[in-house]
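Residue-level structure breakdown
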Amino acid sequence: MFEFFAYIDPGTGSFAIQAVIGTIMGVTYAARHRIRVIVGKLRKKKGSDSDTPPTNNPENKS
Amino acid sequence: MTSQRESSSFRDNRGYVFWQDGTAYRRINSDGKVAYDQLMASGLYEQLTKRGLLVKHEEATLESDDAKGAYKVIKPTQLPLITYPYEWSFSQLKDAALATLEIQRVALEHGLVLRDASAYNIQWVDGKPQLIDTLSFDVYINGEPWVAYRQFCQHFLAPLTLMSHIDPGLLQLLRVYIDGIPLPIAAKMLPTRARLDFGLATHISLHARYQKSHEDSGRRAAASVSTVSLKGMLENLTRTVSKLKLRVSETQWGDYYNNTNYSDASFQEKKVITEEFLKGIKADRVLDLGANDGSFSRVAARLGANVVSADIDPLAVEANYVRVRERGEGLILPLLIDLTNPSPDLGWDNAERRSFTHRAKADVALSLALIHHLAIANNLPLEMVAEYFAKLAPHLIIEFVPKEDSQVKRLLATREDIFPEYTPDGFEAAFSKHYKIVQQREVKGSARVMYLMERR
């Protein structure tokens, strides 16, 4: 368990929920990240030059 | 040397902003040393400032009381105007939210995190959102949850969701809840459509329930969140915010371009007159009151002026901001201001968030197609309008819209005309008490008259 010192009150409930939703969203994130890496490798094999780094900002996605 | 602490800068134990000789400085206490040094040494400062996401600063040496004993004093790039989230359009708040999340994402790559996510720490620089609090970073420790998660949801996600799913006018809740909209209140207001969105159901509804179930625990916040989980949460927040849209029909949008009541020729002539008047006074800072979508703000910006483009209508401000963003018009700052009830002094000692009147400083105020809304729709005596405008700027470019004009006729159609003073002569007499009329020009094709005035 991580106990934290901050100048704003992080909120006990707001901390507790992160342990739960973080796990779910972390799994999704890791899976997405893996897929991106695999797709990136496949593209490289095909000789494509679109070697864009993975991003987690949907606004930046084309 | 005398210096004065900024009245809104009291929360952070690691430092604060103070004023000296009209310049804002930030003091960094010794307990802020580690995080500040890592910000500067890790390359994060360089990367964020290069992208315009963080305010640039230089280190300063000062002798004043506020500088004494500090680890460092920094002088950030000075801002012409501080604005508050309740003065922004939907897309401004959304872009500020996305900028905050992006800063947090990049910070993590450099072993740092955002220790707050206050919308008040974001300001508009060259048309883009920028973090102005250099002390917002802390060293990231593996396993720690995001300290600012609650604040982010209250300051950004909750108001954006209510604006998107209910009404853009709900932004004004931020005037009452200056630390953001409490999540239990936001959760109660969420319509079913919003509850079905996984991100909103989680970050607002479930989050509110967790807050409720832990509120009497009396324990300090404690939890463990892996780095991947934290990144996943940030990615999900980013996606959730990105999906939020302002629900506006095509016809509502169209109105912002076709709703002028006089001919295109007159509109163009008004631009020419405005430009001539502006050139005569060489204004660096312009305050466009009742700017609508900012057509006349653009006339001023083309002359190189910094323009605050204020309007009462959230959709007009939105249209204005979207255009600023598309065209990179960094000199124009669209702002949501109701002149009949401008932002008041709020917060501790009524001095934490200053009134619009207190902050607005300009060389010239523009008041085009506005006077009838104030004098007739809001019953304001013309002299009171003149008195208020004179507080805002030493010069005034104002258009008088007479009773023969269709817009005024429309306002008077449903009510008794109790405005015998509302005539060109009455207007000139009232404004002459506060201003000297320098020039006046009739707008051809309409009964309107444009004036350039100088404060007495």
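Residues numbered from 1 in each chain as written. Chains lettered and ligands numbered in written order. Predicted model: local features only at pLDDT ≥ 70, side-chain atom pairs only at ≥ 80, totals over all residues. Heavy atoms only, no water.

1. Comments concerning the overall build of chain B
Put simply, the test is: A run of H or I in DSSP becomes a helix once it reaches four residues, and a run of E becomes a strand once it reaches two; helices and strands are each numbered from the N terminus. When we talk radius of gyration, it's over C-alpha atoms, and the globule rule is simply 2.2 Å times the number of residues to the 0.38. Relative accessibility thresholds used throughout: buried, under 20% of the residue-type maximum; exposed, over 50%; partly exposed, between the two (1.4 Å probe, protein chains only). Here, residues are in contact when the closest pair of their heavy atoms is within 4.5 Å.
Across its full length, chain B holds 18 helices and 17 strands. The C-alpha atoms of chain B give a radius of gyration of 24 Å, which matches the 23 Å a tight globule of 456 residues would have. Its C-alpha atoms give chain B principal-axis dimensions of about 70 × 60 × 40 Å. Counting only residues that meet the buried cut, chain B has 57% of its 456 residues in that class. Counting contacts in chain B only where the partners sit at least 6 residues apart, residues at least 24 apart contribute 70% of the total.

2. Quick look at the pattern of salt bridges
All names here are of chain B. For the record, the criterion: Salt bridges are defined by distance alone: a side-chain nitrogen of Lys or Arg within 4 Å of a carboxyl oxygen of Asp or Glu.
Scanning the entire structure with this criterion turns up 30 salt bridges over all chains. Taking the shortest distance from any N to any O, the salt bridge between Arg51 and Glu102 comes out at 3.0 Å. You can see Arg51 sitting in the loop between helix H2 (44–50) and strand E4 (57–60) and its partner Glu102 sitting in helix H3 (residues 90–109), a full 51 residues away along the chain. Look at Glu102 and you get buried, because its relative accessible area is 6%.

3. Thoughts on the packing of aromatic side chains
All names here are of chain B. This is how it is decided: Pairing of aromatic rings covers Phe, Tyr and Trp, the last through its six-membered ring, and needs centres within 6.5 Å; plane angles under 30 degrees mean stacked, over 60 mean edge-to-face, and all others mean tilted.
The tally for this structure, following the rule as stated, stands at 14 aromatic pairs over all chains. Look at Phe152 and Phe156: their rings are 5.2 Å apart centre to centre, the planes differ by 35 degrees, and that puts the pair in the tilted class. Of this pair, Phe152 and Phe156 both sit in helix H4 (residues 149–165), four residues apart, which is roughly one turn of the helix. Each member of the pair Phe152 and Phe156 is classed as buried. Residues Phe431 and Tyr435 carry aromatic rings whose centres are separated by 6.2 Å and whose planes lie at 20 degrees to one another, so their mutual orientation is stacked. For Tyr435, a relative accessible area of 0% gives the class buried. Ring-pair connections join several aromatic residues into one group, and the members of that group are Phe400, Tyr422, Phe427, Phe431, Tyr435 and Tyr451.

4. Looking at the sheet that holds strand E1 (residues 4–5) of chain B
Residues and elements named next belong to chain B. Note the following rule: Here, a strand pair is defined by DSSP locating no fewer than two bridges between the strands. Here the axes come from fitting lines to C-alpha atoms, over the contacting stretch only for helices, and the angles between their N-to-C directions go from 0 to 180 degrees.
Read from one edge to the other, the open sheet built from five strands follows the order E1-E2-E3-E5-E4, with strand pairing classed as antiparallel. The sheet terminates laterally at E1 and E4, the two strands that pair on one side only. Where helix H1 (residues 33–41) meets the sheet, it contacts strand E3 (23–28), E4 and strand E5 (72–76), and its direction lies at approximately 130 degrees from that of E4.

5. Looking at the domain arrangement of chain B
Residue and element names in this part refer to chain B. Selection rule: Each domain's extent was defined by an automatic or database domain assignment. Once two parts are brought into contact, the accessible area they lose, counted with a 1.4 Å probe and summed over both, makes up the buried area.
Here the domain parsing of chain B yields domain 1 (4–76), domain 2 (85–243) and domain 3 (260–455). Computed over C-alpha atoms, the centres of domain 2 and domain 3 are 35 Å apart. Counting the surface lost from both domain 2 and domain 3, the interface buries some 1,700 Å², and carbon and sulfur atoms represent 53% of this. By the criterion of area lost to domain 3, the three top residues of domain 2 are Glu87, Arg175 and Ile178, representing 36% of everything that side buries. Connecting domain 2 to domain 3 are two salt bridges. Among the ionic pairs, Glu87 bridges to Arg359, the shortest N-O distance being 2.6 Å.

6. Structural notes on the interface of chain A and chain B
The parts lose accessible area when they come together, and the size of an interface is often stated as this lost area. Spelled out, the test is: Whenever a nitrogen or oxygen atom comes within 3.5 Å of another N or O atom, the pair is scored as a polar contact, on the condition that within protein one atom can donate a hydrogen and the other can accept it, and that pairs from neighbouring residues in sequence are kept only if both atoms are in side chains.
Of the residues lining the interface, 33 residues belong to chain A; the matching set on chain B comes to 46 residues. Buried surface at the junction of chain A and chain B, summed over both partners, amounts to about 3,800 Å²; 65% is from carbon and sulfur atoms. If you look at where chain A meets chain B, you find two salt bridges. The partner of Glu235 of chain B in a salt bridge is Arg36 of chain A, and the shortest N-O contact between them spans 3.2 Å. Counting across the chain A and chain B interface gives six residue pairs in polar contact (both at pLDDT 80 or more). Those elements that place two or more of their residues in the side of chain A that touches chain B are strand E1 (2–3) and helix H1 (12–45) of chain A. Here the side of chain A that touches chain B takes 18 residues from H1 of chain A, the largest share from any one element.

7. Re the confidence of the model for chain A
Worth spelling out the cut-off: For every residue, the predictor states its confidence as a pLDDT score lying anywhere from 0 to 100.
This prediction gives chain A a mean pLDDT of 76; 66% of its residues lie at or above 70. Residue range residues 58–62 of chain A is modelled with pLDDT below 50. Its contacts to residues more than four positions away, or to other chains, number nine contacts.

8. Digging into unusual backbone geometry
Excluding glycine, residues mostly have negative phi values, and the peptide bonds linking residues are mostly trans. Residue and element names in this part refer to chain B. The phi dihedral of Asn292 falls on the positive side, at around 55 degrees, and the residue is not glycine. As for its position among the elements, Asn292 is in the loop between strand E11 (285–289) and helix H12 (295–302). Not every positive phi belongs to a glycine, and Asp349 is a case in point at roughly 60 degrees. Here Asp349 shows up in the loop between strand E13 (332–336) and helix H14 (356–359). The class of Asp349 is exposed, set by a relative accessible area of 63%.

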